[in-house]
Amino acid sequence: MVDKKTLASFSKRFGGLFGNSMDNSGNLKVVFHDFPGGAVGFELIARFCYNNGRTQITPASVVLLNCAAQFMEMDSDGHRPSLLDQTKKSLDGISFWSWSELLVALKECQDLLLSPSKPSLILDKVLDCVVGRLVSPIVASPYTSSSENSSFQSSCDTRSSYSIRNNSCQVSWWFEDLLFLNIDLIDKVIKLMICQHFDHATITKFLFCYQRSRFVTATPTEKCRIMEVIINLLSLLDRNSLSCKHLFDMFRVASSLEKISKHCKSVLETLIGSQLDQATIDFLLVPPPRKKHYMYDMNLVLRLVNAFQDELSCCSSLVRLRKVASLLDSYLVEVSADSYLTPSKFAALLLLLPDSARESHDRLFQAIDIYLQVHGGICEAEKMKICSALNYAKLSTDALRHLARNSKFPSRIAIQGFINQQSKLENLFEGQKHIDTFSGSISIEESIKENENSDQVLVYAKRVDVPGKAEQLEVQLPGLQFRVTELDKFSGTIHTQVGNIPRTRLSSLGNNARFLPKLCS
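Fair warning: this is a prediction, and the values are worked out from it, not measured in the lab.

J.: Please explain the overall build of the protein as it appears in this structure.
T.: Across its full length, the protein carries 23 helices and zero strands. For the protein, buried positions account for 44% of its 521 residues. Residue pairs in contact within the protein that sit at least 24 positions apart in sequence constitute 72% of those at least 6 positions apart. As displayed, the protein has an accessible area near 27500 Å², and 52% of this comes from carbon and sulfur atoms.

J.: Looking at this structure, I do not really get helix 12 (residues 244-255). What am I missing?
T.: Along an α-helix, residues three or four apart share an orientation, since each turn contains 3.6 residues. Taking 1.5 Å per residue, 12 residues should reach 16 Å; helix 12 reaches 16 Å between its end C-alpha atoms and fits that length. What helix 12 keeps buried is the set Cys244, Leu247, Phe248, Met250, Phe251 and Ala254. The buried residues of helix 12 occupy an angular sector of 160° when projected down its axis, which confines them to one face.

J.: Sorry if this is basic, but what is going on with the environment of arginine 214 here?
T.: Looking at the secondary structure, you find arginine 214 in helix 10 (residues 200-215). On a C-alpha basis, the gap between arginine 214 and leucine 179 in space is 7.7 Å, while along the polypeptide they are 35 residues apart. Reaching out from arginine 214, the side chain makes a polar contact with the backbone oxygen of leucine 179 at a distance of 3.2 Å. Here phenylalanine 180 takes part through its backbone oxygen, which lies 3.5 Å from a polar atom of the side chain of arginine 214.

J.: I would appreciate a short explanation of the pattern of salt bridges in the present structure.
T.: Counted according to the given criterion, the structure contains 14 salt bridges. The salt bridge partner of glutamate 258 is arginine 290, with a shortest N-O separation of 3.9 Å. Of the two residues, glutamate 258 is situated in the loop between helix 12 and helix 13 (262-274) and arginine 290 in the loop between helix 14 (281-284) and helix 15 (298-314); the sequence distance between them amounts to 32 residues. The exposure class of glutamate 258 is exposed, given its relative accessible area of 70%. In this structure arginine 290 comes out as exposed when scored by relative accessible area, which is 72%.

J.: Teacher, can you tell me more about the nonpolar core here?
T.: In globular proteins that are soluble, nonpolar side chains generally tend to be buried together. Ranked by size, the top nonpolar core spans 119 residues in total, and within it Trp174, Phe206 and Leu234 carry the most contacts. Sort the elements by how many residues they give to this core and helix 16 (residues 318-335) lands first, with nine residues. The residues touching tryptophan 174, leaving out its near neighbours within four places in the chain, are Trp99, Leu134, Met193, Phe198, Thr202 and Phe206.

J.: Can you walk me through the packing of aromatic side chains in this structure?
T.: Applying the stated rule across the entire model yields 11 aromatic pairs. When the centroid spacing of 4.8 Å and the interplanar angle of 80° are considered together, the rings of tryptophan 174 and phenylalanine 175 count as edge-to-face. Phenylalanine 175 shares its class with tryptophan 174; the two are buried. Ring plane angle 65° and centroid distance 5.3 Å describe the contact between phenylalanine 175 and phenylalanine 206, whose orientation is recorded as edge-to-face. Taken together, the residues span a long stretch of sequence, with phenylalanine 175 in the loop between helix 8 (151-166) and helix 9 (183-195) and phenylalanine 206 in helix 10 at a distance of 31 residues.

J.: What's the story with unusual backbone geometry in this structure? I'm lost.
T.: The phi torsion of most residues other than glycine is negative, and most of the peptide bonds are trans. The phi torsion at glutamate 73 lies on the positive side, around 55°, for a residue other than glycine. Inspection of the secondary structure puts glutamate 73 in the loop between helix 4 (62-71) and helix 5 (83-90). Phi is positive for histidine 197, which is not a glycine, with a value near 60°. Tracing the backbone shows histidine 197 in the loop between helix 9 and helix 10.

J.: I'm lost on helix 16 in this one. Help?
T.: In this model helix 16 runs 25 Å from its N-terminal to its C-terminal C-alpha over 18 residues, within 8% of the 26 Å that 1.5 Å per residue would give. Within helix 16, burial applies to Leu321, Val324, Ala325, Leu327, Leu328, Asp329, Tyr331, Leu332, Val333 and Val335.

J.: Can you help me understand the packing of helix 16 against helix 17 (residues 343-350) in this one?
T.: Between two packed helices, the angle of one axis relative to the other and the distance separating the axes together describe the packing. Following both chains from N to C, one finds helix 16 and helix 17 inclined at 160°, their axes separated by 10 Å at the closest point. Taken together, helix 16 and helix 17 sit at an angle that is classed as roughly antiparallel. Seen from above, helix 16 lies across helix 17 with left-handed handedness. From helix 16, Leu328, Tyr331 and Leu332 reach across to helix 17, where they touch Phe346, Leu349 and Leu350. Each residue belonging to the contact of helix 16 with helix 17 can be placed in one class, and the counts come to six nonpolar, no polar and no charged.

J.: Please clarify how the environment of alanine 414 should be interpreted in this entry.
T.: Its place among the elements puts alanine 414 in helix 21 (residues 411-439). As for alanine 414 and leucine 403, which are separated by 11 residues in sequence, their C-alpha atoms are 5.6 Å apart.

J.: Can you help me understand the environment of leucine 185 in this one?
T.: Considering the arrangement of structural elements, one finds leucine 185 in helix 9. Assessed through its relative accessible area of 1%, leucine 185 is described here as buried. Distance in space between the C-alpha atoms of leucine 185 and leucine 123 is 9.9 Å, their sequence separation being 62 residues. Non-local contacts of leucine 185, meaning those with residues more than four positions away in its chain, are made with Gln110, Pro116, Leu123 and Leu127.

J.: In this structure, what is going on with the packing of helix 4 against helix 5? I would like to understand it.
T.: Interaxial distance between helix 4 and helix 5 falls to 9 Å at its minimum, and their mutual angle equals 150°. Regarding helix 4 and helix 5, the two cross each other, and that crossing is left-handed. Contacts between helix 4 and helix 5 involve Val62, Leu65, Asn66, Ala69 and Gln70 from the first element and Leu83, Leu84, Thr87, Lys88 and Ser90 from the second.

J.: Even after reading the chapter, I still don't get the side chain of serine 274, so can you show me in this structure?
T.: By the secondary structure assignment, serine 274 is in helix 13. When its relative accessible area of 1% is taken as the criterion, serine 274 is described as buried. Beyond its immediate sequence surroundings of up to four residues, serine 274 is in contact with Arg239, Glu311 and Arg320.

Conventions adopted
Residues numbered from 1 in each chain as written. Predicted model: local features only at pLDDT ≥ 70, side-chain atom pairs only at ≥ 80, totals over all residues. Heavy atoms only, no water. Helix = DSSP H or I, 4+ residues; strand = E, 2+ residues; numbered from the N terminus. Buried < 20%, exposed > 50% of the residue type's maximum accessible area, 1.4 Å probe, protein only. Contact = heavy atoms within 4.5 Å. Areas by Shrake-Rupley, 256 points an atom, 1.4 Å probe, with all protein chains shown as cover. Expected span 1.5 Å × (residues − 1). Arc of directions from axis to C-beta. Polar contact = N/O pair within 3.5 Å; in protein donor to acceptor, adjacent residues only side chain to side chain. Salt bridge = Lys/Arg side-chain N within 4 Å of Asp/Glu carboxyl O. Core = buried A, V, L, I, M, F, W, Y, C linked by side-chain atoms within 4.5 Å. Phe/Tyr/Trp six-rings, centres within 6.5 Å; stacked < 30°, edge-to-face > 60°. Axes fitted to C-alpha atoms, helices over the stretch in contact; angles between N-to-C directions. Parallel < 35°, antiparallel > 145°, perpendicular 65-115°, else oblique. Left-handed = near helix turned anticlockwise from the far one by under 90°. Nonpolar A, V, L, I, M, F, W, Y, C, P; charged D, E, K, R; others polar.

See the structure below:
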């Protein structure tokens, strides 16, 4: 039995419920289905009323008392003590609470289902103080134990005391302490940290740690919610604070969740793309979506590289671009043997980056060579489209020689390879003439013979006029390939002679040789 008058004198809600039955001695049954804290909360309220508006308010009880006081409308009327005012006043000393007491209060806020999206004075006060402790560069021993607090507080004290002794120099000392928070509170905590300029790299590490920890017991629906919130939070952070490896790990986890939103995955891909120059080939070898026969998810790579280029357009960096080009070349070599890879998809990958991204096209040529060997049935137009990605000026002499002899490539491409090889060898001949004049080590007879040979090769090659004569060139291709062999032999002779120059010249100079610069190696 309770005294209706006593309760009604401190609670406007009780007063409204009892109304005219205040003097009635009959039994009255009142049921609250959503009373904060249930029976425990009601008992604290009753004690306050029967003790004439006095009660002990501690960090462990202030949240429950505040919520119950709001529920029962126990604010001030000018005549009676107000429990709501007393709980608010107790928050004035929150800056003196220990770290453990703050965690207990925060857990009470979560247990009482205080929504972070709705205004709540006590939740905002606790969160501001918690984040303030984390942001502060010096936290003066926030770990104190109190036997009056709950078992949760005791466990926090034990763990926190251990942390302060062993991890005082580590920025992650607080990670385990906040893992109990639900994702909505984490969302608010991290946004407060960002507003107060907390270190973004540390926030990133915590979010990855939180995701791994919570996924152990979360349901599929909870996993989707956790992943979506974390990805949105990561998008608010400085890109340099993100780890490419961790982002790819998160992408694999997100891909396994069937109900995760497409927008969320798109945001994650944009984040990965911004850090693509940090990736390795293993990161890109992601299995394809279901019902796709490709070896790997090539559409993903297309999207990631495009995202990288969009990010790079804001801040041009040729070094980063060339790192991604090298990564993409390795990927092309890896996937070129995929029998399910269509010519259009392969061409799209080849033409994805601008020509300036590569200093050499040898890896690109290697990938195309493998692809044409595996996909022998594609038409000439598709081959030409694929080969249009090649810049012959950026191919080495060995690659050009291989191209000129390769029957898998279209005849026009092979001829173009021969022309570019000839041009490079002409430059080598000019260098040879200069070396001959300097060294004097080659006999007159050998020089005349080799010059005649080179003139013969060049006369034959100069008959080639590519524009408008593709059909004639295809007929002449066998002869050109023979001349490639002759050029190779002559090139080998030149390299042999160049290698002999230092030894011949230095031997004739005797001991004075050490005072001369090294001409060739």
